[in-house]
Every structure is written in structure tokens, then in C-alpha cells.
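# Inside the fold
Residues per chain, in single letters:
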Amino acid sequence: MLRYNFSSRAGELSGGDAIVVSIPKSGRTWVRAFLCAYYCRLRGHPFTLQPAEYGDSRIPRIIYSHDRFEERTKADLWARLRGKYRIPGGALKRARVILLARDPRDAFVSHYIQLVRRSEDTPNELKQKSISELLRHPDYGIGSIVDVMNGWMAEFAGRENFILLRYESLRAKPKENFAHLLAAVGEKQPKEAAFDHALAFSDFGNMKKMEAAGEFDSKILTPGDVSDPESFKVRRGQVGGYREYLPPEDQQFATIAISRLDARYGYFS
């Protein structure tokens, strides 16, 4: 992939101290809430998902991008030619790269629900598709997710400034793995009070309660319909929850698809 961006979005994707790259619905908002809660508490600011607005140079600038996957699913020809959704190569060389991964089966199901139950800008053509149809879609389907994740691993693995962070590991051992995340963005010795606050703040139950009450300052954490639990940004967060949504034949299709996934991710069952 050629790493250029000649669009107006290039500035948003450059100049970061760290870049979090992920497939949609891989836990990015959870990670972002934790980091923002930590640094806002550490530096004495009210919580926000946009800490750059404080102009505090002590808070690292962290860029969040879906990169290759966003280009596949959103870019028209003109956007592709300009590299609108691509992280520029120079930005990747200078920043720490955090590849946030989730089992593609869970990520796909969660993304499907977001597309059909939450996102207002989803084309009607996609909203009318069944989960089985979208699973096999050339751009939105699980095969596309696997291709993009393989591309990232091939591009980033082996770099000194790269770490792989798995959603499942964060769920299993949040304290240990969020400490690892902070170290990756330069916070080698986290301050205990701010760290404990960020863990409690970003707890799944707390975030869901705050989203329902409209307590966040961003549309990122606003439900599509407060009466529909499936339209919440913070929805279930289950590991292996795809089994509740995909019938057996689709589970088999998805499992075959992820057999092509780079072994370094560790998803094979």
C-alpha cells in the first residue's frame, strides 16, 4: 500500500505521538476512553474524548484510524486517488503504532449491528442485507477484515515502534494490559491514582450507564435509540458473542475465513 495522503484529512492523521489502528468495533472507543480518563485526571482536566482541546503539551496526541478498512468501505475513486483515509507513511515512521485487534468474527458482528441499528449514514442497500449476506460482502465481510488485518501485520510487525494489543487480553486482564498500553504511548510508570480512576471510568458498565444518560461530550458515545440496547456504542463487549448472531453455517464460513489470518494474531478457533 502506498502511504500518501493528499486530502484535507492528512493533518488529522499526522503529528501523533501514537497511532491506534483497528478494524471498527475492536474496542477502540474503550481504549480511547481509558487513555483520555487517565491523562485528563493526571493533568487536572475534566474528562473529554478530545483532550487536544486543552492545548496541554503534557498530554500525548493519539491518532485513531481504521486506515485500510475505511478506504475499502468508504472511499470513492477520488478519495482513493488522494489517499483520503490512509495514514501517511511519515506519520507511521515517527509515531508509536498500536495495532488493536479483535477476533474478526466478533468485530464483524458488532460492526454489522452498528451499520444496521446505529449509523444514520449507512446506505439503504447495506441496511437491507441480512447478516449472512454482509458476512460474504467483498468490502464489509469477514474476508475483507482478514485481508486488512493481514496487510497491517505484514506492514507493521518487526518495527521497533509497534505493539499488538488484543481486545480479548484487555478484557481478561485489564490492569496488566492497560499498563502495557500506557507504556506504549510513553507512560512507563503510570501514576496509581490516575490509573485506578481510568480503569474504573472505562469499565464497561460505567460507560454504558454514562452513554444512556447522555453524559459524554461526543457523538461517538451517543446511542442511536435509547430504547434499543443494540444501538448503543457500548453494547455488549462479549468475547465469542458472534455465536449468538451467526447461524451454524455462517459460523463455519467465518471460521474458515479466519484460518487465513496471520498466525501472530492467535485467532484459530
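Let me begin by describing the structure that accompanies this report. (Residues numbered from 1 in each chain as written. Predicted model: local features only at pLDDT ≥ 70, side-chain atom pairs only at ≥ 80, totals over all residues. Heavy atoms only, no water.)

Glancing now at the overall build of the protein. Along the protein, the regular secondary structure elements total 13 helices and four strands. Taken across its 269 residues, the protein has 54% of its residues classed as buried. Within the protein, residue pairs in contact and separated by at least 24 positions form 74% of the contacts whose partners lie at least 6 positions apart. With an accessible surface of roughly 12800 Å², the protein has 49% of that area assigned to carbon and sulfur atoms. (Helix = DSSP H or I, 4+ residues; strand = E, 2+ residues; numbered from the N terminus. Buried < 20%, exposed > 50% of the residue type's maximum accessible area, 1.4 Å probe, protein only. Contact = heavy atoms within 4.5 Å. Areas by Shrake-Rupley, 256 points an atom, 1.4 Å probe, with all protein chains shown as cover.)

Our focus in this paragraph is the side chain of threonine 48. Along the chain, threonine 48 turns up in the loop between helix 1 (28-42) and strand 2 (62-65). Take threonine 48: its relative accessible area is 4%, and that puts it in the buried class. Reaching out from threonine 48, the side chain makes a polar contact with the backbone nitrogen of glutamine 50 at a distance of 3.0 Å. (Polar contact = N/O pair within 3.5 Å; in protein donor to acceptor, adjacent residues only side chain to side chain.)

Quick look at the sheet that holds strand 3 (residues 96-101) now. Strand order in this open sheet of four strands is 2-1-3-4, and the pairing throughout is parallel. Single-partner strands in this sheet number two, and they are strand 2 and strand 4 (162-166). Pairs of neighbouring strands in the sheet enclose a mean axial angle of 20°, with direction left out of account. Relative to strand 4, strand 3 is paired through five bridges, and the arrangement is parallel. The partner of leucine 100 across the bridge, within strand 4, is leucine 165. Across the sheet, helix 1 lies against strand 1 (18-22), strand 2 and strand 3, angled at about 170° from strand 2, the strand it touches most. (Pairing = 2+ DSSP bridges. Axes fitted to C-alpha atoms, helices over the stretch in contact; angles between N-to-C directions.)

The subject of this paragraph is the nonpolar core. Ranked by internal contacts, the top residues of the largest apolar core, which has 41 residues, are Ile19, Val21, Ile23, Phe108, Trp152 and Tyr265. For this core, the elements supplying multiple residues, two or more each, are strand 1, helix 4 (89-94), strand 3, helix 5 (104-117), helix 7 (131-135), helix 8 (142-156) and helix 13 (248-258). Broken down by element, the residue count for this core peaks at eight residues, all from helix 8. Leaving out residues up to four positions away in the same chain, isoleucine 19 has contacts with Ile63, Ile87, Ala91, Leu92, Ala95, Arg96, Val97 and Ile98. The next biggest cluster of nonpolar side chains, apart from the first, holds 29 residues, and it includes Ile62, Ile98, Tyr167 and Met207. (Core = buried A, V, L, I, M, F, W, Y, C linked by side-chain atoms within 4.5 Å.)

Next up on the list: the pairing of strand 3. Counting buried positions over the six residues of strand 3 gives five, a clear majority of the element. Pairing of strand 1 with strand 3 involves five bridges; the strand directions are parallel. Bridged to isoleucine 19 within strand 3 is valine 97.

So, about the environment of glutamine 128. Residue placement: glutamine 128 occurs in the loop between helix 6 (124-127) and helix 7. By relative accessible area, glutamine 128 is classed as exposed at 66%. Taking the C-alpha atoms as reference points, glutamine 128 and valine 116, twelve residues apart in sequence, are found 8.1 Å from one another.

Quick look at helix 2 (residues 67-74) now. Given 3.6 residues per helical turn, the α-helix brings residues three or four places apart onto the same face. Of all eight residues that make up helix 2, six are buried, and the element is covered over most of its length. All buried positions along helix 2 are accounted for by Asp67, Arg68, Phe69, Glu70, Glu71 and Thr73. Turning to helix 2, the residues buried within the fold contact strand 1, strand 2, helix 3 (77-82), helix 5 and helix 8.

Next up on the list: unusual backbone geometry. Positive phi values are uncommon outside glycine, yet lysine 25 reaches one of about 65°. Take lysine 25: it is sitting in the loop between strand 1 and helix 1. Unlike most non-glycine residues, aspartate 67 shows phi in positive territory, near 45°. Topologically, aspartate 67 is positioned in helix 2.

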